[in-house]
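# Examining the three-dimensional arrangement
What follows is each chain in one-letter form.
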Amino acid sequence: MKIRKLLLLAVMPMMCLAANAQEKSCSKDFTPKKGDFTLAATVGYNSYASVTAPSGLLTDYEVAALSTNWSDKKLMVGFEAGWFFKDLWKLNLGGGMNFTNNPGYSAVPGTIDDTNRGNSVEDNMGEIPNYRAVANAQSFSYNVFAGVDRYFKIKKVPNLMWYTGVRVGMAYAQNQMKYDEYETMGKSVGETWNLRGAVTMGVDYFVLPAMYIGAQIDPFCYTYNMTTYKPQEGLSNLDADSHNFSLLAAPTIKIGFKF
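Notes on the structure in this doc start here. (Residues numbered from 1 in each chain as written. Predicted model: local features only at pLDDT ≥ 70, side-chain atom pairs only at ≥ 80, totals over all residues. Heavy atoms only, no water.)

### Thoughts on the overall build of the protein chain
- For the protein chain, the helix and strand inventory stands at one helix and eight strands.
- Walking the protein chain from its N terminus toward its C terminus, one meets helices and strands in the order α-β-β-β-β-β-β-β-β.
- Approximately 15300 Å² of the protein chain is accessible, and the part contributed by carbon and sulfur atoms is 63%. (Helix = DSSP H or I, 4+ residues; strand = E, 2+ residues; numbered from the N terminus. Areas by Shrake-Rupley, 256 points an atom, 1.4 Å probe, with all protein chains shown as cover.)

Structure, rendered in structure tokens:
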């Protein structure tokens, strides 16, 4: 419901702007031609992947493939670049990357040890608690996609075009953690990646010679996910995968520029 409300709020002002521009310039042709480039900001399906490495001190481990259901994702602002390599044919590219480094810090021992750890609060009054080490961690993620669209003009509505096409993409994420403690069993690693293919449909309205608004949806898409945990160095990977099939998925709003 939240996604529908946000998309509705985004579409309403665009429709008003389109109607106003339609009255002023219905006789002018702003549609793209061969050689034109486009760059658009998008609001819609979040295709990024994210994972957290497990603790390396557990006695039992389990793994489940991360969700690839588009409705489980949050709305996200992204970008999409395009190139009309022929009249009415457009190549699309997009993606992004993130890298985070968290420096590690050594543990600070207190006065509470195994001999008094089970004591009551009153018995441990005045004791100094132990500070665990801060993990030395790194997180890396990216996503890329490419696609091609075939556009069709609508004679009764100048500057409004609908299109259909295909998209293929990949999202990858990795998280590594290592604690500077004698108990540690080495570096723990979590890793996940998605492969996604979709048939897409949408409309673009060219409000001005260099500006357009649009909306699109995927009538059908398929996503494969593989999630892997390696809790300790020297252990084999613990894997889980999934297959997701979606209909009428990933509605997206676009505001873009043509040049």
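### Details of the environment of Lys258
- Positionally, Lys258 belongs in strand 8 (residues 238-258).
- Lys258 sits 177 residues away from Ala81 along the chain, and the two C-alpha atoms are 10.0 Å apart.
- A distance of 3.5 Å separates the side chain of Lys258 from the backbone oxygen of Phe30, its partner in a polar contact. (Polar contact = N/O pair within 3.5 Å; in protein donor to acceptor, adjacent residues only side chain to side chain.)

### Side note on the environment of Ser67
- Tracing the backbone shows Ser67 in the loop between strand 1 (37-44) and strand 2 (76-86).
- Under the relative-accessibility criterion, Ser67 is labelled partly exposed at 38%.
- With 174 residues separating them along the chain, Ser67 and Asp241 place their C-alpha atoms 9.9 Å apart.
- Within polar-contact distance, the side chain of Ser67 engages the backbone nitrogen of Asn69 at 3.3 Å.
- A distance of 2.7 Å separates a polar atom in the side chain of Ser67 from a polar atom in the side chain of Asp72. (Buried < 20%, exposed > 50% of the residue type's maximum accessible area, 1.4 Å probe, protein only.)

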